[in-house]
Amino acid sequence: MKSSLKERLTSLKAGETGGVGVLRRRDTSRLAEGAVRFIISFILAGSQILSDMSPFAVGFTAAAGTPVGAMASLAGALTGYLLTSSFVWALKYISMCVIVCTATLIFHETEIFSKRWFMPVFTSFVAMCLGSVAAFDAGWTIPAVVRFAADVVLTGGCAYFYKIALSPWSGRFNLEHSAEIVHTVSVLILISTMLISLAQYHIAGVISVGRALAVLVVLLAGYKGGVSMGCATGVAVGLAMDAATSQSPIFCMAYGLAALVAGIFSKQGRLIYSVMFILLNACVAGVSLESPAVPGMLYETFIATVLFMLLPPSLMSRLGVLIPGAGSGYGIIKAREYTRARVELAAQAFRELYETVGAASGKGRRDSDIAAVFDGAADVVCLSCSKQAKCWHIDYQDTLDAMNNATKPMLARGKLEEEDLPDYFKKTCLNLGEFVAAVNAELRGVLYRRQYKKRLKENQAAAFNQYAEVASILQGIADELGTGVSVEPELEGRLRKFLKGVNIPGETAVFIDKSGRLHGEIFGTSVRALKSVPNYLEKLSEVLRVRICAVEKPEEPDRLYLLEAEPLAASVGISFKKKHQEEVSGDKGAYFKTDDGILYVILSDGMGSGELAARYSGETVRILERFLRSGVEPETAVRMLNDLMLLKNQDDTGCATVDLVCINLFTGQTKMFKYGAAPSYLRTGTTVRRVKGRSLAAGLGVPPHDAPDRHTMDLRPGNMAVIVSDGVTGGADDNWIVKMIAEDNGEDPRLLAAAIVEQATSRFGSDDDMTVIVIQIKERG
């Protein structure tokens, strides 16, 4: 120890300025703290209620917490009591201060001293012991007992709340919401009791300095904290001012009512708010003209409002941080709006689905009229016959009867034979054999179409059963309205407090969705000014306790959306090439990220090529995206897509392949769905594996063979997924694709996608549409 001390002294003598600077800063800080405690204790010693009660400086001394603080507080209390009070009754409180300070010096290193309740209880015990002497001398009358009890409670209570008020915050936004309110109440108690002392100092014998400052405190609380905080502060400070005077109580009513009504106009600017406050105080004065405090109250209110108007915005912002940021209640509203928007998106998707089906159905050939079979045969055989006019015009009724008589045996047998026709028709017809053959050809077509449509209708009936899943979708959204979304009033309050601290008016909403992701929203005319705050996203992240990213919507300039940032990010590279001599590509793709933090990548290849294939794939991507954006689970979405294609195929045999990749950017969990699609590729490190499927294209699979291929995997930073259309692989050996993916340096997924398309073109030409989508996972920077 001696050598250590010697070294420190030597280093100081050698002029090591770093150590000297630290010691000087510490000494300056301690001196400043001691000076502040001395001043506050001095002021509190002059705070008197009920003529001869002044326990506030005793409580402040007990709340010091350290020997140095206790000594400074004791010095201020002794000075205040001796200068502002008569020595007879001040002696009791001086004795209390000395005993409390001595207890701090003795017990400050013990474990029990660190308990929050110890010093308040000890101080109350001291007040009880010393106060019992005065109560005994008064004969324990009811007034004496009331004073004795008030002295004990106020002494211990002040020690408790002063300790909280003077406790340093570990960080501006680190208090829990309930603790923040307790801290603010404690500060309010300290300020109110100090104002009791200052209220006895007057200007021109009328204007009280303490009451003018009290009005200023109420104005600040109502303007920054709104109606509730302003009213509570007005009542508390008003009670303190009423307790400091021997006149009839008036200030509690005046301050509380003025803050209550004026607080409604706190969003309209300082001028309107101040005018309303003055008017309300004047109204109270008008009904209390008999009180001698009215003239002074009017002057004090005017002076306080002038000071309030002159306060610079920067100081207003700093003072506003002391006001607790209670939640606005908008979180519940916004949570419901969020869920309602999802329901609306789902409804739009369903409407588009039914509109698409309705537009495609009912446009096919009519095969229910068997007369079309004979008409078709007549168009082939009879048009060039020399007896065409006789059979189909002059003797039309006889020909019609012959066809009707032959219909029943023809349908029963499944084909027409010559003996099914009457003799007069067989004698007249010059090309009987050809006519019978043409009828049978038409009949086979009709029967085939009937059989196909019958089977298709059965499949469509099975597809309609899948729409029971719609009920589960809507039920899930309804559940989300109840328990799926949780409102966060505490975080709302913290966010509102931060906005006050940077002097940006606005309302806030904070909630957590069903997937556990935090959502925030700030709305107001000055929201855009938040971007001018240095490192505002880092500060918002500190306020909301998670890393935040901001989302701006040009159509809503007065709103800023906040989302919990995903730990993972994805880079998507796309390259495509259309078929030779085609104006459009039959491949369509899309990728997007939802508010749940899920990245969806879709690739579809329509049947055929050109505009028809583009229509099939475009509808597939558009409808699938609708469902996914509305919150429908991907398993349900792809099944419903297949159902849609089946419904459309009533009169149209269109289909489309589907690749759907779903990546959770919070966990890396990935799902891949395939409907008749080409192989996909997954790279982890330098290892590449193929992901294949056996299902048919969407629109061809019928129950129980309508389920898509489903693969699950976990993607980590550095992993890569590649999906391609069948034009890239050409149905041939794809080892060259595997090699290119394995050897890629991972710098830019767009370069890899373009290189694969270029290599595929050199191998297979441009006989089919080609599309490559490369997804690279990395950590969010």
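Attention now moves to the overall build of the protein chain. In terms of regular secondary structure, the protein chain is built from 27 helices and 17 strands. Here the protein chain holds 781 residues, and the buried ones make up 48% of them. Partitioning the contacts of the protein chain with sequence separation of at least 6, the portion at a separation of at least 24 is 70%. Total accessible area on the protein chain stands at roughly 37700 Å², and carbon and sulfur atoms take up 59% of it.

This paragraph deals with the pairing of strand β16 (residues 720-724). Of all the five residues making up β16, five are buried; the element is thus mostly covered by neighbouring parts of the structure. Residue alternation in β16 divides its side chains into two sets, M720, V722 and V724 and A721 and I723, and both sets are buried. Pairing analysis gives five bridges linking β16 to strand β17 (residues 770-779), with the strands arranged antiparallel. For I723, the partnering residue across the bridge sits in β17 and is I773.

Pairing within the open sheet is antiparallel, and its five strands lie in the order β3-β4-β5-β7-β6. The open sheet has two edge strands with one neighbour each: β3 (486-487) and β6 (548-551). Pairing of strand β4 (residues 507-512) with strand β5 (residues 518-523) involves six bridges; the strand directions are antiparallel. From the neighbouring strand, E507 faces β5, where its bridge partner is F523. Running over the sheet, helix α21 (residues 489-501) touches β3, β4, β5 and β7 (559-564) and is turned about 145° from β4.

For T233, the position within the fold is in helix α9 (residues 209-243). The exposure class assigned to T233 is buried, which follows from its relative accessible area of 2%. A polar contact of 2.8 Å, which involves the side chain of T233, links it to the backbone oxygen of M229.

With 18 residues, helix α17 (residues 396-413) extends 26 Å between its outermost C-alpha atoms, agreeing within 8% with the 26 Å of an ideal straight helix rising 1.5 Å per residue. If you look at α17, its biggest bend is around 35°, right at T407, and the proline P409 turns up within four residues after that. The complete set of buried residues in α17 reads T399, A402, M403, A406, T407 and M410. Immediately downstream of α17, the backbone of G414 shows phi near 90°, a positive value.

Tracing the chain through its elements places A212 in helix α9. Sequence separation between A212 and A199 is 13 residues, and the spatial gap between their C-alpha atoms is 8.4 Å. Non-local contacts of A212, meaning those with residues more than four positions away in its chain, are made with E300 and A304.

Sheets are built from strands that pair by backbone hydrogen bonding, the pairs being arranged parallel or antiparallel. Spatial strand order, β8-β17-β16-β13-β14: five strands in an open sheet with antiparallel pairing. Whereas interior strands pair on both sides, the edge strands pair on one side only; in this sheet they are β8 (568-577) and β14 (687-691). Pairs of neighbouring strands in the sheet enclose a mean axial angle of 15°, with direction left out of account. Taken together, the four bridges between strand β13 (residues 680-684) and β16 define a ladder with antiparallel strand orientation. The residue of β16 that forms the bridge with R683 is M720. Each of β8, β16 and β17 is contacted by helix α27 (residues 749-764), which is oriented at about 25° to β8, the strand it contacts most.

It is worth spelling out a nonpolar patch on the surface at this point. Among the surface-exposed residues, V206, I278, Y299, F302, I303, V306, L307 and L310 lie close enough to one another that they form a single nonpolar patch of about 710 Å² accessible area. Tallying contributions element by element places helix α12 (residues 294-310) first for the nonpolar patch, with six residues. With respect to the secondary-structure elements, I303 resides in helix α12. Its relative accessible area of 32% is what places I303 among the partly exposed residues.

To continue, consider the packing of helix α26 (residues 735-743) against α27. At their nearest, the axes of α26 and α27 sit 11 Å apart, and the two run at 155° to each other. On the basis of their axis angle, the class for α26 and α27 is roughly antiparallel. In this structure, α26 crosses over α27, and the sense of that crossing is right-handed. On α27, the residues touching W736, M740 and I741 of α26 are L752, A755, I756, Q759, A760, R763 and F764. Grouping the constituent residues of the contact of α26 with α27 by class yields eight nonpolar, one polar and one charged.

Further remarks concern the pairing of strand β12 (residues 669-675). One face of the sheet, then the other: side chains in a regular strand alternate in exactly this way. The buried count for β12 comes to five of seven residues, which makes it a mostly enclosed element. Bridge analysis of strand β11 (residues 656-664) against β12 gives six bridges, and the strand direction is antiparallel. Across the sheet, residue V658 finds its bridge partner in β12, namely Y675. In sequence, β11 turns back onto β12 through a hairpin of four residues, with G668 there showing a positive phi of about 85°. Relative to strand β15 (residues 709-714), β12 is paired through six bridges, and the arrangement is antiparallel. Counterpart to T670 in the pairing with β15 is M713.

Turning our eyes to something else, we now look at the pattern of salt bridges. For the coordinates displayed, the defined rule picks out 22 salt bridges. The shortest N-O distance in the salt bridge between E635 and R710 comes to 3.1 Å. With E635 in helix α24 (residues 634-648) and R710 in strand β15, this pair connects stretches of sequence that are 75 residues apart. Here R710 falls in the partly exposed class, since its relative accessible area comes to 44%. One salt-bridge network, in which partners are shared between bridges, spans R517, E566, K593 and R780.

With that out of the way, let us pick up the confidence of the model for the protein chain. Looking at the protein chain, the pLDDT average stands at 81 and 82% of residues meet or exceed 70. Here helix α1 (residues 2-13) stands out as the element of the protein chain with the lowest mean pLDDT, 45, in contrast to β16, whose mean of 95 is the highest. Confidence drops under pLDDT 50 across residues 1-6; counting only partners more than four residues distant or on other chains, this segment forms zero contacts. Per-residue pLDDT stays below 50 along residues 8-17; that stretch engages in three contacts with residues further than four places along the chain or on separate chains.

Turning to the packing of aromatic side chains, a few remarks are in order. Aromatic ring pairs are reported here in terms of the distance separating the ring centres and the angle at which the planes meet. Considering all chains together, one arrives at 15 aromatic pairs under this definition. Measuring from centroid to centroid gives 5.2 Å for Y160 and F161, while their planes differ by 90°, and the two rings are edge-to-face. You can call Y160 partly exposed: its relative accessible area is 30%. Accessibility expressed as a relative area gives 27% for F161, which makes it partly exposed.

Conventions adopted
- Residues numbered from 1 in each chain as written.
- Predicted model: local features only at pLDDT ≥ 70, side-chain atom pairs only at ≥ 80, totals over all residues.
- Heavy atoms only, no water.
- Helix = DSSP H or I, 4+ residues; strand = E, 2+ residues; numbered from the N terminus.
- Buried < 20%, exposed > 50% of the residue type's maximum accessible area, 1.4 Å probe, protein only.
- Contact = heavy atoms within 4.5 Å.
- Areas by Shrake-Rupley, 256 points an atom, 1.4 Å probe, with all protein chains shown as cover.
- Pairing = 2+ DSSP bridges.
- Axes fitted to C-alpha atoms, helices over the stretch in contact; angles between N-to-C directions.
- Polar contact = N/O pair within 3.5 Å; in protein donor to acceptor, adjacent residues only side chain to side chain.
- Expected span 1.5 Å × (residues − 1).
- Bend = angle between axes of the 7 residues up to and from the residue.
- Patch = residues over 30% accessible without salt bridge, like charges linked within 9 Å, V, L, I, M, F, W, Y side chains within 5 Å.
- Salt bridge = Lys/Arg side-chain N within 4 Å of Asp/Glu carboxyl O.
- Parallel < 35°, antiparallel > 145°, perpendicular 65-115°, else oblique.
- Left-handed = near helix turned anticlockwise from the far one by under 90°.
- Nonpolar A, V, L, I, M, F, W, Y, C, P; charged D, E, K, R; others polar.
- pLDDT = per-residue confidence, 0-100.
- Phe/Tyr/Trp six-rings, centres within 6.5 Å; stacked < 30°, edge-to-face > 60°.

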